[in-house]
Amino acid sequence: MPSVTTMDDPAAAAAAATDEAPTEDQQTLPRWRLEALERAMSGNTVVFLDTGAGKTLIAGMLLRAYAHRVRKPARDFAVFLVPNRVLVEQQARVVEAHTDLRVSKFTGDMGVDFWNATTWRRVVDDAEVLVMTPQILLDNLLHSFFRLQDIALLIFDECHRAKGNYPYACILKEFYHPQLNSRPKDPLPRIFGMTASPTDTKNKQPEIYSKQIFDLENLLNSKVYTVDNQSTLSDYLPFATTKIVHYESSTIPSNSYNHIKSCLERLKDKHFEVLKANTNLYGSSLENAKGYPNYTRHSYIAQLIWEYGWRQRQLSEEVYRELSCFSTRGHIGEDFVADLQDGLLTHKVHCLVQFLLEYRHMEDLRCIVFVERVITSIVLESLLSTISQMSGRIVKHIAGNRSLLHHQSRNKQTEIVDSFRGGKVHIIVATQVLEEGVDVPSCHLVIRFDLPATARGFIQSRGRARMPNSDYVLLVRRGDAKAHSKIEKFLGSGQIMREASLRLASSMCQPLQNTLCEEDHYHVESTGAIVTMNSSVKSIYFFCLKLPSDEYFQPLPRFSIDKAFGTCTLYLPKSSPVQTVNTEGEVSVLKKAVCLTACRELHAIGALTDYLLPELGFPCEEEPDIVVEKYQHEHPDYFPEEFVHNWLSFSRLGIYYCYKISVEGCSKTTFCPNDILLAVKCELGPDFVSSSIQLCGVQDYASVAMKYVGSIHLNQEQVIMARRFQTTILSLLINKGHSDVSNASKYFHEMQMSIGVVYLLLPLVSGKVDWCSIKFSASQVYDASNKDMMHCHSCKQVDILQTKDGPLCRCLLKNSIVCTPHNSELYVVTGFLDLNAKSLLHLRDGSVPTYTTYFKTRHGLNLTHENQPLLAASKPAEVQNFLQKRHYKNKKEPCTSYSVELPPELCRLVMSPVSTNTLFIFSIIPSVMYRIQCLLLSAKLKVQLGPRMQQFAIPALKVLEAVTTKECQEEFSQESLETLGDSFLKYVVTQHLYCKYTLHHEGTLTKMKKNLISNAALCQLACNNNLVGYIQGAEFNPKGWIIPGLGYHTCGRSKTLCLSSNDMYSLSKMSVRSKRIADTVEALIGAYLSAAGEQAAFLFLKSLGLDIEFHSKILFERKIVINYEKFINVRSLEIILGYEFKDPSFLMEALTHGSYQIAGTTACYQRLEFLGDAVLDHLFTIYYYNHYPECTPELLTNLRSASVNNCCYAHAAAKAGLNKHILHMSSELHKRMANYLEKSGQPFTGPSHGWEAGIGLPKVLGDAIESIAAAIYFDSKFDKEVVWRSMKRLLEPLATPDTVECDPVEELQEFCDGKSYSKSYTKTHKDGVSSVVAEV
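Residues numbered from 1 in each chain as written. Predicted model: local features only at pLDDT ≥ 70, side-chain atom pairs only at ≥ 80, totals over all residues. Heavy atoms only, no water.

Asker: I'd love a proper account of the overall build of the chain, names of residues and values included.
Answerer: Secondary structure assignment for the chain yields 45 helices and 39 strands. Burial statistics for the chain: of 1336 residues in total, 53% are counted as buried. Excluding contacts between residues fewer than 6 apart, the proportion of contacts in the chain whose partners are at least 24 apart in sequence is 75%. A total accessible area of about 60,500 Å² is found for the chain, and carbon and sulfur atoms account for 50% of it. (Helix = DSSP H or I, 4+ residues; strand = E, 2+ residues; numbered from the N terminus. Buried < 20%, exposed > 50% of the residue type's maximum accessible area, 1.4 Å probe, protein only. Contact = heavy atoms within 4.5 Å. Areas by Shrake-Rupley, 256 points an atom, 1.4 Å probe, with all protein chains shown as cover.)

Here you go:
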């Protein structure tokens, strides 16, 4: 058994010697807590108390005392700083439990590094206590998001960390003390620090303790509060008994030693080069190993090999085989005596095991074993878990999470501690990570397997043993006098620090001077943001982090330091606008100094914002568009003012402008539609007469031609008759109801003075107005009270027939519209039959009754005038949307018109005379007039854009196509023009940004482009220019069409015309999706581009208010003087591209990957790629739009998508051998390209378009095609035709309508939608290749 010595802590012994009961009631708050709180409320205070003494509880009470200062709506807030993320959660819970204040938690993994001032202000406005790690507060102060004066109370947990360049110290030295010395008007925050040990030194001299406490007080501008001795606390806190356990020295038998040495030599020789190659992981460690004694060096290298084996299974297995030969009996721990004799187990480990076995009968044991190294914790966990005598004890290890070889996450550590708290884990083997901060339950036993390095480590690890009658055990080699002396001083260190603190209690804190010298920082006057020597390196790394990168290259700064000359050169990545920065000075601060200089230069050129941050959050594939409302509400639905007037004034004009409307292409019909004369108050303009209207469904297809035929004189009576005629006939055709005609007649007299839809539709017969039909049809023949209207005046022979309303002449019934009250139907009478009521009627069921019998049986009607001839009648022509596209499949739509025979006595005359030809032309009038309205609005839109746009001749029909959405279901829609306009918009905006912002990298340019051309931005432009009211966003409904002369549409709702803010008439308000508005803007761009060229499209964008310029020459000077042939084979590349470069620097830049960090070369290709992507997209879109003018919008989109994508470009690059010319220094990229080319075995011939070409090839190859396109674009002085010839050469054969494949994702989507199937996608990434599996 190991020998055990109990050590006496002088203060603890004094406390134990006191037999008197405590002077305070232990159920009340201890005196020292009240004293500490009072001191903290009266001034800046550091509370120095042992672990478990309630320092956090005092902080909670102090927060309650400051609640009136921080409770909203107060501007101030409190900040609780803790060293790590785990403590953020822990201390936030404590504050929430002891106060009613709103608590917010902040850690680095929340992405706070990317928050801006607005985000932080919103967070602060909603919180009263902010619990965070100190780096977050420091960053906020540096960027001037926070002011110290806004913090009422600033709490430092584990405040002894405030030294050197730790964020605690930087906050105080760079912000608190400079402001304290400047005597600010606003008060600085109250400071409250907490620590269990205010010093951290290996020097045990009392004067050193005093000096460190004095420095800590001055830095925190606070006085330390502590108790006189430990006896004050012992009445309330249990203290562990400190024990020293001695173990014997261990030696390895010589034969085992020689075998192990030989094994290590073999492993070292075999794998040292492998380890050395991983210099990023092991370089410094291997250099250190060279200076070790031979035996120690072997051990160190063995550890590296073993740890490396965690990552490389094959190597791990080899190490295991080599080292396992020394244990032939099984695993270590089965026979302790034999293991000790063979040198496989040290006496120290054996001593640990034996001591733990003494506690094997304790239920609910909680024990921590502290070790120095990570590897020790791992090995001890494995060993202790396999000892049979300790079965039932669960052992886990906890080590720091910064070890690259063995990473243990914070979440894993928290999980282990929670299990320890819940009794599921009994023993934790831990490094110093558990000495402080983490909320570990009180333990029965704490063992120091390795002695602590400092007094603080001793005090804090001992503080973990807070259970009654707990033990604090230190393992010490027998005879180690140095270790005994060290422990003796550790035991007395707590009292020494208390006494030193009490001696300093009466002295004043000394303000620190010159903590932030002028030359040590850079200050931005406008925001107050600063960068210091201490923060400069981090700022530069963060700047590089936000530069564009890919999977083969992470942009990082490089430093070249010449210690002899005291100089340093900083090399920034190729995508940085500043490439190199030089400085000279003191060697120890050269790296910080050069980074501070770089920050100055980057801010001076705008690469850093006034908050000294790079542009954050540039878009990636997953980033959503700028957020806007899904719908834009309350936009006017425009109506052409040419058709707006009041009827009273209109009837008195006298002169009217006339346009003849003729239907063409109806030769197959059995009738010939009459022409219509449209009479309006003013000329409709040249766009109107130059357009024709295509009608669908009128015997397949027909067209309507419009022609100006001069003016006509009409008196007021004629206008009134014509108006009555058109309202009557249109109401009959649209509504099919006699009652609606009566209502229209009544409403006719109520509309004399109001503004409405006003124009005349006059039927023509043989080129002349059919006034006869207008006059008699407009008279009230259908009114039963008018008994005089039995026949027309031109009738020479009166032939009276009995009708429902009484006797009428044959002439009034022929070519009339009648209604049959028994079934409420309307019919058109075309003539008389040689049949009467006695004639036989052949029914479908084979029966042959007389008409008299039929009507009696079917309708219960008695026919009394059986000798009257029957009327030949049919249903009126169907009024429908003749603008809607129809899909014929060699089968015509069923005819809705059929002949019927009607007894005159069952009919009531509604309108007469009106011919079938006239009825037919009026049945298509709603569709025709709706299209005319849209054309007039389109012409108005052109005028609205301003005089500068009038120079371009663009048909109104093209503009109408651009504003007509696919929801209208017409023969044309905006989709193809939208695709065209979208590509041009991206092209001109990208070109503008590239040329104007020469120092911005691709990421910033991408964000700027998105802000200019996003749906939100385009929607705003349209709204600002009152374009939304022109959008045709719904299918035309004839029942919703306004009949000229009526103040309501045929659905019965009243319609009132009103003027909008831009003097446009509107009938109603409408809601339009924001994306639809943006699509319309792009379609209008495409309309001007296709009809009038690039200048017209560009000026259209300018007229909308888009602040861009179209550059025709390079605005910046390229100062690149290098021998290009040293880097690229210019001639070979020119042959491949079919283009000879005037400035080869463009070509070299287009082939330079970001990883090619060679000083003096060109920039990387990322900016050129940004431009080339837009140029190629536009060229492909123009090509397909012009080359296949008849292709559908869907086909145009498929052609474009199948050709314009990175995989196709990558395939073309590999096919041309461009992979051999890309300049890069990425071994991963080289490996990826080589592996793909070897494994695929493809000769890379055939087309590069499609959905599978180039899949698996590195994106870099596709980027090269885009950047080369931009290089040729610039070198040829912006000649897109030259670019197209060269790129077409690489990308041929191009996709055609016959070879293009449908987008498989869209195909699957349509299939699943049609079958109502659900689907899900799973994305995987292996060997640099992403793949997606779809499950249906």
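Anyway, onward from the coordinates.
Asker: Explain the sheet that holds strand 33 (residues 871-874) to me, using residue names and the numbers behind them.
Answerer: Judged by pairing direction, the sheet is antiparallel, and its five strands sit side by side in the order 34-33-32-31-35 without closing on themselves. Two strands bound the open sheet, and with one partner strand each, they are strand 34 (899-902) and strand 35 (908-911). Within the sheet, the average angular offset between the axes of one strand and its neighbour, ignoring direction, is 45°. Strand direction decides the pairing type here: strand 31 (residues 816-820) and strand 32 (residues 825-832), joined by five bridges, are antiparallel. Paired with Ser 816 across the bridge in strand 32 is Val 829. (Pairing = 2+ DSSP bridges. Axes fitted to C-alpha atoms, helices over the stretch in contact; angles between N-to-C directions.)

Asker: Go over a negative patch on the surface, please, and point to the residues and values.
Answerer: On the surface, Glu 1301, Glu 1306, Glu 1307, Glu 1310 and Asp 1313 cluster together into a negatively charged patch. Relative to the assigned elements, Glu 1301 resides in the loop between helix 44 (1280-1291) and helix 45 (1304-1315). (Patch = residues over 30% accessible without salt bridge, like charges linked within 9 Å, V, L, I, M, F, W, Y side chains within 5 Å. Salt bridge = Lys/Arg side-chain N within 4 Å of Asp/Glu carboxyl O. Lys, Arg positive; Asp, Glu negative; His and termini not counted. Charge placed at Lys NZ, Arg CZ, Asp CG, Glu CD.)

Asker: Please provide a residue-by-residue account of the sheet that holds strand 18 (residues 567-571), values included.
Answerer: Spatial strand order, 17-18-19: three strands in an open sheet with antiparallel pairing. Strands at the two margins of the open sheet, each flanked by one partner only, are strand 17 (558-562) and strand 19 (580-584). Neighbour-to-neighbour, the strand axes of the sheet open up by a mean angle of 15°, direction not taken into account. The sheet contact formed by strand 17 and strand 18 spans five bridges and is antiparallel. In the strand pairing of strand 18, Arg 558 is matched with Tyr 571. Across the sheet, helix 22 (residues 590-604) lies against strand 17, strand 18 and strand 19, angled at about 130° from strand 19, the strand it touches most.

Asker: Pulling in residues and values, what's your account of unusual backbone geometry?
Answerer: Note the cis peptide between Lys 72 and Pro 73, where omega equals 20°. Position of Pro 73 among the secondary structure elements: in the loop between helix 4 (67-70) and strand 3 (77-81). Omega for the peptide link from Ser 912 to Pro 913 comes to -10°, which places this bond in the cis form. Structurally, Pro 913 can be placed in the loop between strand 35 and helix 30 (916-944). In this structure, Glu 158 takes a positive phi of about 55° despite not being glycine. Within the secondary structure layout, Glu 158 lies in the loop between strand 6 (151-157) and helix 8 (167-181). Under the relative-accessibility criterion, Glu 158 is labelled buried at 11%. With a phi close to 55°, Asp 364 is a non-glycine residue in the positive phi region. Positionally, Asp 364 belongs in the loop between helix 16 (347-357) and strand 10 (367-370).

Asker: So what's going on with the pairing of strand 30 (residues 806-809)? Which residues, and what values?
Answerer: On any regular strand, side chains alternate: one points to one face of the sheet, the next to the other face. One ladder, built from four bridges, connects strand 29 (residues 800-803) with strand 30; its direction is antiparallel. What sits directly across from Ile 800, in strand 30, is Cys 809. Count of turn residues in the strand 29/strand 30 antiparallel hairpin: two residues.

Asker: Can you lay out the pattern of salt bridges for me, pointing to particular residues and giving the numbers?
Answerer: Summed over all chains, the structure comprises 41 salt bridges. Asp 109 serves as the salt-bridge partner of Arg 85, at 2.7 Å between the closest nitrogen and oxygen. One end of the pair, Arg 85, is in helix 5 (residues 85-98); the other, Asp 109, is in the loop between strand 4 (103-106) and helix 6 (117-126), and 24 residues separate them in sequence. The salt bridge involving Lys 243 is made with Asp 471; its shortest N-O contact spans 3.3 Å. Residue Lys 243 is located in strand 9 (residues 241-247), and its partner Asp 471 is located in strand 14 (residues 471-477); the two are separated by 228 residues in the primary sequence. One salt-bridge network, in which partners are shared between bridges, spans Arg 69, Arg 75, Asp 76, Arg 147 and Asp 150.

Asker: Which residues make up the environment of Phe 952, and what values do they have?
Answerer: Position of Phe 952 among the secondary structure elements: in the loop between helix 30 and helix 31 (956-963). Since its relative accessible area comes to 13%, Phe 952 is described here as buried. Excluding anything up to four places from it in sequence, Phe 952 contacts Ala 1092, Gln 1095, Ala 1096 and Leu 1099.

Asker: So what about the nonpolar core? Which residues, and what values?
Answerer: Phe 643, Leu 678, Phe 922, Met 929, Ile 932 and Met 1287 are the most contacted members of the largest nonpolar core, which has 192 residues in total. Excluding its chain neighbours within four sequence positions, the residues that come into contact with Leu 678 are Phe 643, Tyr 657, Cys 658, Tyr 659, Ile 661, Leu 684, Phe 688, Tyr 759, Leu 760, Leu 761 and Met 929. Counting residues in each nonpolar core, the second largest holds 76 residues, with Val 124, Ala 169, Ile 428 and Leu 491 among its members. (Core = buried A, V, L, I, M, F, W, Y, C linked by side-chain atoms within 4.5 Å.)

Asker: Lay out the side chain of Thr 195 in plain terms, naming residues and giving numbers.
Answerer: Of note, Thr 195 is situated in strand 7 (residues 190-195). Taking relative accessible area as the criterion, Thr 195 reaches 0% and is therefore assigned buried. Polar side-chain contacts of Thr 195 include one of 2.7 Å to the side chain of His 160. In contact with Thr 195, other than residues within four places in its own chain, are Val 46, Val 47, Phe 48, Leu 49, Lys 55, Cys 159 and His 160. (Polar contact = N/O pair within 3.5 Å; in protein donor to acceptor, adjacent residues only side chain to side chain.)

Asker: So, the environment of Thr 199: which residues are in play, and what are the values?
Answerer: Structurally, Thr 199 is set in the loop between strand 7 and helix 9 (206-220). In sequence terms Thr 199 and Ala 455 are 256 residues apart; their C-alpha atoms lie 8.1 Å from each other.

Asker: For the packing of helix 7 (residues 134-142) against helix 8, give the residues involved together with the corresponding values.
Answerer: Running from N to C, helix 7 and helix 8 point in directions that differ by 25°, and their axes come no closer than 8 Å. The orientation of helix 7 with respect to helix 8, classified from their angle, is roughly parallel. The way helix 7 lies across helix 8 gives a crossing that is left-handed. The residues of helix 8 that touch helix 7, namely those facing Pro 134, Gln 135, Leu 137, Leu 138, Leu 141 and Leu 142, are Pro 167, Tyr 168, Cys 170, Ile 171, Glu 174 and Phe 175. Its residues placed into classes, the contact of helix 7 with helix 8 shows ten nonpolar, one polar and one charged. (Parallel < 35°, antiparallel > 145°, perpendicular 65-115°, else oblique. Left-handed = near helix turned anticlockwise from the far one by under 90°. Nonpolar A, V, L, I, M, F, W, Y, C, P; charged D, E, K, R; others polar.)

Asker: Describe the environment of Leu 608, naming the residues involved and giving the relevant values.
Answerer: Among the secondary structure elements, Leu 608 is positioned in the loop between helix 22 and strand 20 (631-639). C-alpha of Leu 608 to C-alpha of Phe 543: the two residues are 65 residues apart in sequence and 8.1 Å apart in space.

Asker: Could you give an account of helix 35 (residues 1074-1092), with specific residues and numbers?
Answerer: In this model, helix 35 (19 residues) spans 27 Å end to end at C-alpha, consistent with the 27 Å of a helix rising 1.5 Å per residue. Looking one or two places after helix 35, you find Gly 1093, whose phi comes out positive at around 100°. (Expected span 1.5 Å × (residues − 1).)

Asker: How would you summarise the confidence of the model for the chain if you had to cite specific residues and measurements?
Answerer: The pLDDT averaged across the chain works out to 82; a share of 83% of its residues lies at or above 70. Within the model, the stretch residues 304-313 combines pLDDT values under 50 with 27 contacts to residues more than four positions away or in other chains. Below pLDDT 50 for its whole length, residues 617-629 participates in 26 contacts with residues either more than four positions away or in separate chains. (pLDDT = per-residue confidence, 0-100.)

Asker: Account for the packing of aromatic side chains, with residues named and values stated.
Answerer: A complete count under the given rule lists 37 aromatic pairs for this structure. Look at Tyr 166 and Tyr 168: their rings are 5.1 Å apart centre to centre, the planes differ by 85°, and that puts the pair in the edge-to-face class. Relative accessible area serves as the criterion here: at 21%, Tyr 166 is assigned to the partly exposed category. Ring geometry for Phe 725 against Phe 922: centres 5.7 Å apart, planes inclined by 80°, an arrangement best described as edge-to-face. Of the two residues, Phe 725 sits in helix 25 (residues 716-735) while Phe 922 sits in helix 30, which places them 197 residues apart along the sequence. Here Phe 725 and Phe 922 have matching classes, each one buried. Linked through ring pairs, Phe 984, Tyr 987, Tyr 994, Phe 1098, Phe 1110, Phe 1146, Tyr 1273, Phe 1274 and Phe 1278 together constitute an aromatic cluster. Directly above the aromatic system of Phe 449 lies the positively charged group of Lys 348, at a separation of 4.4 Å from the ring centroid. One Lys or Arg, Arg 1167, reaches over the ring of Tyr 994 and ends 4.2 Å from the middle of that ring. (Phe/Tyr/Trp six-rings, centres within 6.5 Å; stacked < 30°, edge-to-face > 60°. Lys NZ or Arg CZ within 6 Å of the ring centre and 35° of its normal.)

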